[in-house]
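So you can see what is in the structure, the chains are spelled out below.
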Amino acid sequence: MTQSDPHAPEAIWSHPLRLAELPARKITRFDLVADAPTRAAIAKWADIVGVEALRLKGELRPNGRSDWELSATLSATVVQECVISLAPVTTKIHETVTRRYLAHMEMPSEEEVEMPEDDSTEPLPASVNLAGVALEALELALPLYPRAPGASLSTASVTEPGAEPLSEEQIKPFANLRALMQNRDEGDKKG
C-alpha cells in the first residue's frame, strides 16, 4: 500500500516523528489519542463495528549511538460483531508495544529465511509513525472470533430423505478404525 491509497493506515491516521529532529540523549514521551472522526475511520478500515477509545502512550528513547527503542501501552475499546449471533461485542484491549529500530540490522539475503524469535526489531527508519505503530498493534490485538455472552452454536443434521443422520461419533475420522480395533480385540479374547 502506498500513502496515496485511501485504505492505507497512513491515510487514516498519521503522527510521524523524525528521528533526526529528536534529542539524541533524552527520552521523548508521547501520548497519542485518536479523536472521534479518526476512530470512525479506523473502525471502517479494520472492518469492525466501532472503536470507542484508542490511545498509545509511551516513550521513544535513544539506544546507543544510532539505535532507538519505543516502549508504549496501547489502550483501546473496540466493538465487533459476535461470530455466532452478530450481536455487538465490546472488548477492552491493553497491550504492551515494544519496537527496536536498529541502524545496522542484518537483512536476510536468501529467499527462504527463518522467522526470528524477536519480532520487535526493525531497520532504522527516517521517522517513526506513532499512529502506524498503534494501528498495527490494534490490528494484532483484535479478537479473531468475538463471542457475545451466552452465544452458542446449535447442532444441525442434514441428510437425504429417509436416511438416518450421522451421529457425532460417526463423523469423527477414526470412528470406524476404533470399531474395527474393538472387534479385533474381542475376537482375540474369544480365541
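Located above this text is the structure these notes cover.
Residues numbered from 1 in each chain as written. Predicted model: local features only at pLDDT ≥ 70, side-chain atom pairs only at ≥ 80, totals over all residues. Heavy atoms only, no water.

### Topic: the nonpolar core
For step 1, the next point in the chain: Ranked by size, the top nonpolar core spans 34 residues in total, and within it W13, L60 and L70 carry the most contacts.
For step 2, the next point in the chain: Secondary-structure elements contributing two or more residues to this core are strand 2 (28–33), helix 2 (36–46), strand 3 (50–63), strand 4 (67–81), strand 5 (88–102) and helix 3 (130–141).
For step 3, the next point in the chain: The element contributing the most residues to this core is helix 3, with 8 residues.
For step 4, the next point in the chain: Apart from residues no more than four positions distant in its own chain, L70 is found in contact with F30, E59, L60, V97, T98, R99, Y101, V128, L130 and V133. (Core = buried A, V, L, I, M, F, W, Y, C linked by side-chain atoms within 4.5 Å. Buried < 20%, exposed > 50% of the residue type's maximum accessible area, 1.4 Å probe, protein only. Helix = DSSP H or I, 4+ residues; strand = E, 2+ residues; numbered from the N terminus. Contact = heavy atoms within 4.5 Å.)

### A look at the sheet that holds strand 3
For step 1, the next point in the chain: As summarised here, the arrangement of the 5 strands in space is 2-3-4-5-6, forming an open sheet in which the pairing is mixed. Two strands close off the open sheet at either side, each with one partner strand: strand 2 and strand 6 (121–123). The average angle at which neighbouring strand axes cross in this sheet is 20°, direction not considered.
For step 2, the next point in the chain: The pairing of strand 4 with strand 5 spans 14 bridges and is classified as antiparallel. Along strand 5, the bridge assignment pairs S75 with H94.
For step 3, the next point in the chain: Packed onto the sheet, helix 3 meets strand 2, strand 3, strand 4 and strand 5 and runs at close to 130° relative to strand 5. (Pairing = 2+ DSSP bridges. Axes fitted to C-alpha atoms, helices over the stretch in contact; angles between N-to-C directions.)

### Description of the pattern of salt bridges
For step 1, the next point in the chain: Applying the stated criterion across every chain yields a total of 7 salt bridges.
For step 2, the next point in the chain: Between R61 and E59 there is a salt bridge, and its shortest N-O distance comes to 2.3 Å.
For step 3, the next point in the chain: For R99, the salt bridge is made with E122, and the minimal N-O distance between the two is 3.5 Å. Residue R99 is located in strand 5, and its partner E122 is located in strand 6; the two are separated by 23 residues in the primary sequence.
For step 4, the next point in the chain: Overall, R99 belongs to the buried group, its relative accessible area being 10%.
For step 5, the next point in the chain: Residues joined in a network through salt bridges with shared partners are R29, E59, R61 and E69. (Salt bridge = Lys/Arg side-chain N within 4 Å of Asp/Glu carboxyl O.)

### A few points about helix 2
Working note: α-helix, 3.6 residues per turn, so residues spaced by three or four point in the same direction.
For step 1, the next point in the chain: Of all the residues in helix 2, the buried ones are T38, R39, I42 and A43. Relative to the axis of helix 2, the buried residues are bounded by an arc of 140° and lie together on one face. Residues of helix 2 that are exposed and point more than 90 degrees away from the buried face comprise P37 and K44.
For step 2, the next point in the chain: Tucked inside the fold, the buried residues of helix 2 contact helix 1 (9–12), strand 3 and helix 3. (Arc of directions from axis to C-beta.)

### A few points about a nonpolar patch on the surface
For step 1, the next point in the chain: Where nonpolar side chains cluster on the molecular surface, the patch consists of V83, L144 and Y145 and spans about 390 Å² of accessible area.
For step 2, the next point in the chain: Mapped onto the fold, L144 is located in the loop between helix 3 and helix 4 (168–171).
For step 3, the next point in the chain: The exposed category is assigned to L144, whose relative accessible area is 71%. (Patch = residues over 30% accessible without salt bridge, like charges linked within 9 Å, V, L, I, M, F, W, Y side chains within 5 Å. Areas by Shrake-Rupley, 256 points an atom, 1.4 Å probe, with all protein chains shown as cover.)

### What to know about the pairing of strand 2
For step 1, the next point in the chain: Side chains T28, F30 and L32 of strand 2 all project onto a buried face; the interleaved residues R29, D31 and V33 project onto a face where none is buried.
For step 2, the next point in the chain: In the sheet, strand 2 pairs with strand 3 via 6 bridges, with the strands oriented antiparallel. Within strand 3, the residue paired with D31 across the bridge is K57.

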